[in-house]
Each structure stands twice: as structure tokens, then as C-alpha cells.
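For reference, the chains in residue letters:
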Amino acid sequence: MVNKERVLKEFFELVQVPCSTRNERQIADILKAKLTELGLEVSEDNVGEKIGGNAGNVFGYLKGNTPALRLMFSAHMDCVEPCTGVKPQLKDGIITSDGTTILGADDKAGVVAILEAIRQIKEQNLKHGDIQVIFTASEEGGINGSKNMDPKDLKADFGYVLDSSGVPGEIITMAPGQYKITTVVKGKTAHAGLAPENGLNAIMLASKAFADISQGRIDEETTANVGLISGGTATNVVPDEVKVVSEARSRNADKLEAQVKKMVDHIESTIKANGGQADITVAKAYDPYVLDENSDVVKIAKKAVEAIGLKVVTKGTGGGADANFYNAYGLPSAVLAVGMTKVHTKEEFIKEEHLYDTANVVLSIIKTVAN
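The following paragraphs examine the structure supplied in this document. (Residues numbered from 1 in each chain as written. Predicted model: local features only at pLDDT ≥ 70, side-chain atom pairs only at ≥ 80, totals over all residues. Heavy atoms only, no water.)

### Some points on the overall build of the protein chain
1) Next: For the protein chain, the count of helices and strands is ten helices and 19 strands.
2) Next: For a compact globule of 371 residues, the expected C-alpha radius of gyration is about 21 Å, and the protein chain comes in at 23 Å, within 12% of that figure.
3) Next: Burial status across the protein chain gives 51% buried among its 371 residues.
4) Next: Put simply, 78% of the contacts in the protein chain that link residues at least 6 apart link residues at least 24 apart.
5) Next: If you average the places of the 41 positive and of the 50 negative side-chain charges in the protein chain, the two averages end up 1 Å apart. (Helix = DSSP H or I, 4+ residues; strand = E, 2+ residues; numbered from the N terminus. Rg over C-alpha atoms; globule rule 2.2 N^0.38 Å. Buried < 20%, exposed > 50% of the residue type's maximum accessible area, 1.4 Å probe, protein only. Contact = heavy atoms within 4.5 Å. Lys, Arg positive; Asp, Glu negative; His and termini not counted. Charge placed at Lys NZ, Arg CZ, Asp CG, Glu CD.)

### Here we look at the pattern of salt bridges
1) Next: Throughout the structure, instances matching the rule amount to 20 salt bridges.
2) Next: A salt bridge links Lys34 to Glu10; the shortest N-O distance between them is 2.8 Å. With Lys34 in helix α2 (residues 25-37) and Glu10 in helix α1 (residues 4-15), the pair connects residues that are 24 residues apart, well separated along the chain.
3) Next: Overall, Glu10 belongs to the buried group, its relative accessible area being 4%.
4) Next: Here Lys255 ties to Asp219 by a salt bridge, and the two come within 3.3 Å at their closest N and O atoms. Pair noted here: Lys255 is in helix α7 (residues 253-273) and Asp219 is in strand β11 (residues 216-219), with a separation of 36 residues, a long-range link.
5) Next: One salt-bridge network, held together by shared partners, links Arg6, Glu10, Glu13, Lys34, Glu116, Arg119 and Glu123. (Salt bridge = Lys/Arg side-chain N within 4 Å of Asp/Glu carboxyl O.)

### Description of the packing of aromatic side chains
1) Next: Per the stated rule, a full pass over the model turns up four aromatic pairs.
2) Next: When the centroid spacing of 5.9 Å and the interplanar angle of 25 degrees are considered together, the rings of Phe73 and Tyr160 count as stacked. A residue pair is termed long-range when its members are at least 10 positions apart, and Phe73 in strand β3 (residues 71-76) and Tyr160 in strand β7 (residues 158-165) qualify at 87 residues.
3) Next: Classification of Tyr160 as buried rests on a relative accessible area of 0%.
4) Next: For the ring pair Tyr286 and Phe325, a centre distance of 6.4 Å and an interplane angle of 75 degrees mean the geometry is edge-to-face. A residue pair is termed long-range when its members are at least 10 positions apart, and Tyr286 in strand β15 (residues 277-286) and Phe325 in helix α9 (residues 322-328) qualify at 39 residues. (Phe/Tyr/Trp six-rings, centres within 6.5 Å; stacked < 30°, edge-to-face > 60°.)

Below, the structure is given as C-alpha cells:
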């Protein structure tokens, strides 16, 4: 079993390191040093340069000491704001921030679990196959670290991404793909007081188009949302342009394509019918994935969770993660729950026991593959 005192100490250490998206240099250097100390071959790619950040994805590789399937474990380095000045608190088995920042269990809970599992196999001289560790940059706000990595850098047969809410033992085997739909609605400008009849209000056009668009929960695996709107210059000017950004997600690729088409067709037809113009850009964010329950990546995880007495749950999710890109690159990857709760808020917390359970899950997966 893992060293609880060490896990807790390292978690407290890492959540206090500023790690804003595209500004992960400090945490990247710390993690590279830790991996090097553990005897892994360590490298960093140039993704930071590609996306305007100051750190790339950090890779560690540990050569196995017994023939076994090659494993990959991944977690992301960055956090949402506010993540500077985190002051972790432990009370009655619950870890929180002081309420002025997020905690950062998303995703330092995943990071410390991976590090502790590697320490355990080294200290106990356990049998293990080749293990690749990937700490990704800029996962928040677009999964940009894995999205922009070179798939040739992946060196495993299957992998696990430690980056989900839920109780350790939960295995995410299905996740949606996502499209972003950016609509620029164009009307005609005019003075709102002197000659409003000469204008065509782009905000009103957008309102008509999006008021009854298909959105929210479409079905059990498909969602859509209208998330951002910007436009207008002053109250005395009829706005001639407004931008609306929406999205669609589904774990079913055909349903996703159909939902996007339905939204785009509705927007275009409504704007045109009211005399305006809609310039629409559709961009794929990532593909969905569904893992076979009989695949190695799922069977091994189930066996490992059972081996340490935790409850096995396989489920789908509505969010994307680095696993979406790993799967798209041909590396079967499941997401593992780490216990983080109310993520992306100042109320974020994690149970102390879930830190230890997550590390034990990782260690059990390594043992299961090697034995």
C-alpha cells in the first residue's frame, strides 16, 4: 500500500505551485525533477511553443524489469483560475482551499497518484513492464497539450488518464466528441434615435435564431449549449454584428454530426428569413470514444480495482479529456476517477482517503499487468 503521509505532503506541495494554463513552467520543472529523481528518462516536447505557452508536455519513461504490456499514465499540469496562492486545508478528512482560490485536485490528485505508484515499485523492487508517464500542458480550456502533441511520442499498449470526478474505482469508458460553432450574425447599422428603421439589429436577429434552438440535454449521450455572445457598440447605435459561440457534444459520432447540422441549419434559415446574414464556422474540438468492456484497458482496470477491495463502476461522461486524443491517436485510454469534487470552483474539495485510494489503483494496475 502507498505511503499516506508522503502522498498528502506531496499533494499539499503541488497544489501550492502556480500553474495557470499556458504558464506551467514552474510545475513542469518540478515534475521533471521528480521523475528524473525516480530514474525515469525525462523529456519535454515543443507544444508550449505551438500554443503560446511556456511549457510543453512532460514525458517520463521507465523501462520494465519483466515482460509485460506497456502502460501509460497521464494527468494534466495546469489548473483553472484562480490557482495562485492556494492554501490547502485538511479538516475531518476533507481537503479544501481557504475559499479564496480553487484547490487544484483537478488534476494534482492524478499527478501525485502516478508519482507515488512509481515510488512504490522502485522502493519495493516490484515487477513491472515499461511505463510511460505524461504530464500534459494546457488541458483546461481546450485539451491543447494532447491535441498538439506528436502521436509518435506515445509508447504504450494502452493507458489511463487520471482526471475525473467520482469515487476511485470508477472507470470512464465513454466520452463525447465536441464541435464548436461560431456564428457571426450580420445586420445593418443605423442611428438608434434618428433613423432606427434604416437599421437591422444583429442582436435581435441572433435572439430570434438562438431563442428556440435545439440545446440542453438532447438525449442520454448528446448535449448542446449556447455559451458566449458579444456585440454592439453603444445604446444609440443599431448593432450590425454580433458573435455567438455554441457547442454540441455526443458520445455517438453520427448523433454529433446530426446535432451540429440541425443547429447550423436552424441558425442560417432563421437569420436569412429575417433579412440578415450568418457567417458560421464549425470546428471539431475532439472525437468521441467508446471502449469495449472486453478490451485490455478496461479488463485490467477492473481487475486492479477489485484486487484492492474497491467497487468497480464503468460509466460514460459528458466531458472531454486527454483520453479523447490518446484514443484518436490509436492508444486505447480510459479515464480514472480520482475523487475531486466541485472542480473549477472555490468550493472544490477531495477526501483525503481518495488521494490514497487513487494511488493504490495506479499501483494495482501496474502489478496486475506484470503478474
